Amino acid sequence: MTQTETDVVKGIRSEYQYGFANSDEAENYFFKSGRGLSHELVEAIAEHKNEPDWMRKFRHRSLDYFLARPLPTWGGNVAEIDFDNIYYYIKPTEKQADRWEDLPADILDTWDKLGIPEAEKKYLAGVGAQYESEVVYHKLQADLEEKGVIFLDMDSALRDHEDIVKQYMGTIIPQNDNKFAALNSAVWSGGSFIYVPPGVKIELPLQAYFRINAENMGQFERTLIIVDEDAYVHYVEGCTAPIYSSDSLHSAVVEIVVKPRGRCRYTTIQNWSNNVFNLVTKRAVAYEDATMEWVDGNLGSKLTMKYPAIWLMGDRAHGEVLSIAFAGKGQHQDAGGKVVHAAPRTTSVITSKSISKNGGRAGYRGLLQVAKGAHGAKSKVVCDALILDDESRSDTYPYIQVDENDVDLGHEATVSKIGEEQLFYLMSRGLSEAEASAMIVSGFVEPITKELPLEYAVELNRLIQLQMEGSVG
Amino acid sequence: MAFLEIKNLHVALEDGTEIVKGVDLAVDLNEKHAIMGPNGSGKSTLAYALMGHPAYEITEGQILLDGENIVEAGADERAQKGLFLAFQYPHAIPGVTVTSFLRSAINAIRKARAGKDDPIPVKEFRTEILAAMERLKVPRELASRYLNDGFSGGEKKRVEILQMALLQPKIAILDETDSGLDIDALRIVANGVNELVGAEMGALVITHYQRILNYVTPDKVHVFVGGRIVESGGPELAERLEAEGYDAWVPQGEEVAA
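Concerning the overall build of chain B
Logical step 1: The helix and strand tally for chain B stands at seven helices and 10 strands.
Logical step 2: A compact globule built from 258 residues should have a C-alpha radius of gyration of about 18 Å, and chain B, at 18 Å, falls within 12% of that.
Logical step 3: Taken over 258 residues, chain B has a buried fraction of 45%.
Logical step 4: Long-range pairs, those at least 24 residues apart, make up 70% of the contacts in chain B with a sequence separation of at least 6.

Okay, structure coming up:
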């Protein structure tokens with residue numbers, strides 16, 4: 001990683017660089033719903049997608065749950081969301097492409113600017129690219145297809161593998177789990193479906209990229225990943241959006257099943273523009289000797305509320321949550337993680353690093369739960385906060401609930417400020433104040449970036465540099 | 001004109017307390033100067049103020065580096081112009097390896113000197129760092145550890161000297177670099193200073209004790225008491241201090257810490 005650090009520093013730009021939009025596009029959408037949420041809208045989505053009856057009913061019931069539930073009053077301020085002003089479904093193209101050149105020029109241009117086709121060539125085993133409500137491009141390496149790996153957008157999966165989708169969807173995260181999971185269940189569209197057959201280890205990551213383009217867009221992708229016995233997959237998602245003066249909403253649901261001895265790593269680099277509410281429910285279950293890892297980087301959005309969860313259901317299952325939350329001006333990152341030890345000898349590690357600057361608010365909210373009978377469970381929670389100035393804020397809410405005596409739990413929390421002395425030390429070696437601060441922050445999150453593949457570590461460091469630029473002086 | 005010229009320098013804390021009360025000093029390339037003074041005399045403040053620490057305000061006087069007054073310049077700019085400070089207590093930067101830090105620092109200085117990005121080629125960097133570590137007997141494994149994080153006192157000081165060797169300053173200030181070193185480490189650090197001082201570099205060694213001066217023979221020794229240089233002389237002055245202590249220079253009624 002150090003070798004590319006100069007390039008990283010070189011790439012510093014002071015503004016959010018993905019804030020561009022295809023302005024005239026609204027006219028070119030294949031289908032765009034009206035604003036607002038209703039049973040008519042839900043019906044229209046199901047109709048448009050030609051879904052089976054059980055899914056149509058699932059959607060309607062979910063909408064009822066959504067309407068019946070109050071808004072959460074903890075976390076961030078979600079009362080600002082104007083649900084009537086959101087577009088819940090926009091289909092940008094008629095058909096999904098498996099060749100980039102088949103996409104409309106303006107959409108292809110967006111992906112090119114984001115560097116996705118290039119990344120696919122260099123280091124990915126498969127790519128899904130969602131634009132507004134639909135996955136417009138999807139491709140998996142042929143050899144993986146031959147091994148029986150399924151990597152599809154969720155809508156295609158519902159068509160082609162209805163039995164698997166029906167078996168699992170809503171079982172890890174029930175449709176009435178929380179208000180935003182209910183919303184997603186009612187209006188979901190797009191997202192990824194992955195099935196990795198027993199013993200298949202996918203060496204290169206599969207990546208999904210989520211792009212919101214329209215103003216007041218609501219994006220509700222739904223992802224389901226099933227890692228069969230002894231299998232492995234690393235799934236990566238990235239997200240960006242244009243800068244608008246009014247808000248957009250992103251509310252995803254991600255369900256993951258890791259079967260005995262399987263391993264799943266799910267990496268998110270969330271870089272939404274600062275007008276996006278990002279309210280996401282992510283949960284995985286891990287069976288005997290399985291490993292689930294969430295690597296969750298939150299740098300963008302106006303408000304993020306997201307606590308990737310792992311239920312350790314089988315003997316010796318292992319879970320890890322690595323969370324980075326970086327809040328700048330006008331941002332609130334309420335991030336964290338949850339681990340439930342429901343079986344003996346299960347182990348978990350939660351590492352959270354939050355950084356706040358320019359009045360931003362970043363925090364850790366976590367739950368560690370050990371059920372009765374989960375004897376020999378071990379867990380370690382470390383949450384560190386770095387506050388860059390006096391206007392900014394950091395919160396730590398570590399909930400721990402233990403119903404078993406034979407456990408080994410550790411919890412550490414630190415809060416620090418960038419010290420004048422550290423800055424002076426680095427500056428006395430020729431680094432500018434911005435470079436010195438960025439170096440301290442990069443070092444602070446290093447325990448997490450070192451876990452990432454090189455390209456993502458570089459990307460994350462680059463985003464941190466961008467966040468740091470203009471924050472000092 | 002000497003490379004570093006300090007003229008009538010006054011330094012105060014943020015609350016206005018004056019610590020350095022009018023210092024004149026000239027250190028040229030190829031020269032070794034020692035500033036010796038008791039604890040609390042303000043010699044570390046002088047070192048910090050020369051390097052541009054924001055907590056110390058220069059209320060009067062000039063610091064000329066190669067003829068240019070750098071009183072208004074930030075620490076980064078001073079470093080880029082060839083000033084270096086080896087810290088008495090180097091700070092830890094967790095998560096940043098010594099190698100990664102050194103590369104960034106070298107490149108920041110190269111960039112300032114070239115007026116554009118001019119990163120050191122990877123191979124050249126590797127060769128240089130390995131050679132310097134070998135010369136200064138810095139254990140190889142330190143290169144991949146986090147900067148000063150969990151380092152022993154001796155390791156920190158060696159890495160300070162390693163930085164000095166790689167950043168190639170014109171004037172190096174060593175602030176109590178000898179404190180807390182055993183005799184072997186002291187010898188290594190002193191040898192490093194001796195090797196580097198030459199046509200391209202001069203050094204200002206700040207110390208309480210005469211000990212380091214057994215290994216780094218100064219061209220000039222300055223006695224620093226109460227924020228001022230009260231006497232200057234040759235190496236023999238250090239020996240006199242060792243024999244007599246600072247009492248002769250301390251005004252009546254002022255306490256001198258051991």
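This is not the end of the story, as more comes after the structure.
Some thoughts on the sheet that holds strand E2 (residues 18–27) of chain B
Neighbouring strands of a sheet are bound in pairs by backbone hydrogen bonds; such pairs are parallel or else antiparallel.
Residues and elements named next belong to chain B.
Logical step 1: Pairing is antiparallel in the open sheet, where four strands are placed in the order E2-E1-E4-E5. If you trace the sheet from one side to the other, it starts and ends with E2 and strand E5 (68–69), each paired once.
Logical step 2: As defined by bridge partners, strand E1 (residues 4–12) adjoins E2 across seven bridges and the pair is classed as antiparallel. Following the sheet pairing, Ile6 is matched in E2 by Leu25.
Logical step 3: Strands in contact with helix H1 (residues 43–51) are E1, E2 and strand E4 (57–65); relative to E2, the strand with the most contacts, it is inclined by about 70°.

As for the nonpolar core
Logical step 1: Formed by 220 residues in total, the largest nonpolar core has its most connected members in Ile194(A), Ile256(A), Val258(A), Ala286(A) and Ile173(B).
Logical step 2: Of the residues forming this core, the biggest block, eight residues, is contributed by helix H11 (residues 433–449) of chain A.

Considerations on the confidence of the model for chain B
Logical step 1: Here chain B shows a mean pLDDT of 92. Residues at 70 or above account for 97%.
Logical step 2: Overall fold confidence for the complex sits at a pTM of 0.84, while the interface term, ipTM, reaches 0.95.

Quick look at the interface of chain A and chain B
Logical step 1: On the side of chain B, 32 residues touch chain A, which itself brings 25 residues to the contact.
Logical step 2: Per-element accounting of the side of chain A that touches chain B gives the leading share, eight residues, to H11(A).
Logical step 3: Taken together, the residues that form the side of chain A that touches chain B break down as nine nonpolar, nine polar and seven charged.

Digging into the pairing of strand E7 (residues 206–211) of chain A
All names here are of chain A.
Logical step 1: Counting buried positions along E7 yields six of six residues, so the element is predominantly enclosed.
Logical step 2: Neither face of E7 is exposed, since Leu206, Ala208 and Phe210 on one face and Gln207, Tyr209 and Arg211 on the opposite face are all buried.
Logical step 3: The pairing of strand E3 (residues 126–131) with E7 spans six bridges and is classified as parallel. Considered in E7, the bridge of Gln130 is made with Phe210.
Logical step 4: Alignment of E7 against strand E10 (residues 232–240), held across six bridges, turns out to be parallel. Bridged to Tyr209 within E10 is Gly238.

Some points on helix H7 (residues 236–244) of chain B
Residue and element names in this part refer to chain B.
Logical step 1: All of the buried residues in H7 are Leu237, Ala238 and Leu241. Relative to the axis of H7, the buried residues are bounded by an arc of 105° and lie together on one face. Exposed residues pointing more than 90 degrees away from the buried face of H7 are listed as Glu236 and Ala243.
Logical step 2: Next to the buried residues of H7 lie strand E3 (32–36), strand E9 (220–225) and strand E10 (228–233).
Logical step 3: Positive phi shows up at Gly245, right after H7, with a value of about 75°.

Brief notes about the sheet that holds E10(B)
Residue and element names in this part refer to chain B.
Logical step 1: Taken in spatial order, the six strands make up an open sheet running E6-E7-E8-E3-E9-E10, and their pairing is mixed. Whereas interior strands pair on both sides, the edge strands pair on one side only; in this sheet they are strand E6 (83–86) and E10. Between one strand and the next, the sheet's axes are offset by a mean angle of 20°, whatever the strand orientation.
Logical step 2: When E3 meets strand E8 (residues 202–207), the two strands line up parallel, connected through five bridges. Within E8, the residue paired with Ile35 across the bridge is Ile206.
Logical step 3: Each of E3, E6, strand E7 (171–175), E8 and E9 touches H1; the most contacted strand, E7, lies at about 145° to it.
Logical step 4: Along the sheet face, helix H5 (residues 153–167) touches E6 and E7 and points at about 165° away from the line of E6.

Some details on the environment of Tyr131(A)
All names here are of chain A.
Logical step 1: Secondary-structure assignment places Tyr131 in strand E3.
Logical step 2: For the pair formed by Tyr131 and Ala241, sequence separation is 110 residues and the distance between their alpha carbons is 10.0 Å.
Logical step 3: With residues near it in sequence (within four places) discarded, Tyr131 still touches Pro92, Ile107, Val136, Arg211 and Asn213.

Focus on the environment of Pro344(A)
Residues and elements named next belong to chain A.
Logical step 1: Here Pro344 lies in the loop between strand E19 (332–341) and strand E20 (347–356).
Logical step 2: Remark: the alpha-carbon pair of Pro344 and Ala377, spanning 33 residues in sequence, is separated by 6.0 Å.
Logical step 3: Contacts of Pro344, omitting those with residues within four sequence positions, involve Asp315, Gly373, Ala374, His375 and Gly376.

Focus: unusual backbone geometry
Note: most residues except glycine have negative phi, and most peptide bonds are trans.
Residues and elements named next belong to chain A.
Logical step 1: With a phi close to 85°, Ser301 is a non-glycine residue in the positive phi region.
Logical step 2: Structurally, the position occupied by Ser301 is in the loop between strand E15 (291–298) and strand E16 (303–306).
Logical step 3: Notably, Arg345 is not glycine yet its phi reads approximately 55°, a positive angle.
Logical step 4: Along the chain, Arg345 turns up in the loop between E19 and E20.

Digging into the packing of helix H3 (residues 98–114) of chain B against H5(B)
Residue and element names in this part refer to chain B.
Logical step 1: Close contact between H3 and H5 brings their axes to 10 Å; oriented N to C, the two are set at 35°. Crossing geometry of H3 relative to H5 is assigned as right-handed. Within the contact between the two elements, H3 uses Val98, Leu102, Ala105, Ile106 and Ile109 and H5 uses Val159, Gln163, Leu166 and Leu167.
Logical step 2: Of the residues that constitute the contact of H3 with H5, the class distribution is eight nonpolar, one polar and no charged.

Considering the packing of helix H2 (residues 39–48) of chain A against helix H3 (residues 53–68) of chain A
Residues and elements named next belong to chain A.
Logical step 1: In the contact formed by H2 and H3, the axes pass within 10 Å of each other and the chain directions differ by 155°. Comparing the axis directions of H2 and H3 gives the class roughly antiparallel. The handedness of the crossing between H2 and H3 comes out as right-handed. Seen from H2, the contacting residues are His39, Val42 and Ala46; seen from H3, they are Met55, Arg56, Arg59, His60 and Leu63.
Logical step 2: For the contact of H2 with H3, the residue count by class is four nonpolar, two polar and two charged.

Structural notes on helix H5 (residues 116–123) of chain A
Residues and elements named next belong to chain A.
Logical step 1: Within H5, the full set of buried residues consists of Ile116, Ala119 and Glu120. Down the axis of H5, the buried side of the element spans an arc of 105°, and every buried residue falls inside it. Along H5, exposed side chains directed more than 90 degrees from the buried face belong to Glu118, Lys121 and Lys122.

Describing the confidence of the model for chain A
Logical step 1: Chain-level statistics for chain A give a pLDDT mean of 91 and a share of 95% at 70 or above.
Logical step 2: Across residues 1–14 of chain A the pLDDT falls below 50, and counting only partners more than four positions away or on other chains, this stretch makes 28 contacts in the model.

Notes on the pairing of E10(B)
All names here are of chain B.
Logical step 1: Bridging between E9 and E10 involves five bridges; their strand directions are antiparallel. In the strand pairing of E10, Val221 is matched with Gly233.
Logical step 2: Remark: two residues form the turn of the hairpin made by E9 and E10, two consecutive strands paired antiparallel; Gly226 in that turn has positive phi of roughly 60°.

Quick notes on the rules
Residues numbered from 1 in each chain as written. Chains lettered and ligands numbered in written order. Predicted model: local features only at pLDDT ≥ 70, side-chain atom pairs only at ≥ 80, totals over all residues. Helix = DSSP H or I, 4+ residues; strand = E, 2+ residues; numbered from the N terminus. Rg over C-alpha atoms; globule rule 2.2 N^0.38 Å. Buried ≥ 20, exposed ≤ 12 C-beta atoms within 10 Å, placed from the backbone. Contact = placed C-beta atoms within 7 Å. Pairing = 2+ DSSP bridges. Axes fitted to C-alpha atoms, helices over the stretch in contact; angles between N-to-C directions. Core = buried A, V, L, I, M, F, W, Y, C linked by C-beta atoms within 7 Å. pLDDT = per-residue confidence, 0-100. Nonpolar A, V, L, I, M, F, W, Y, C, P; charged D, E, K, R; others polar. Arc of directions from axis to C-beta. Left-handed = near helix turned anticlockwise from the far one by under 90°. Parallel < 35°, antiparallel > 145°, perpendicular 65-115°, else oblique.

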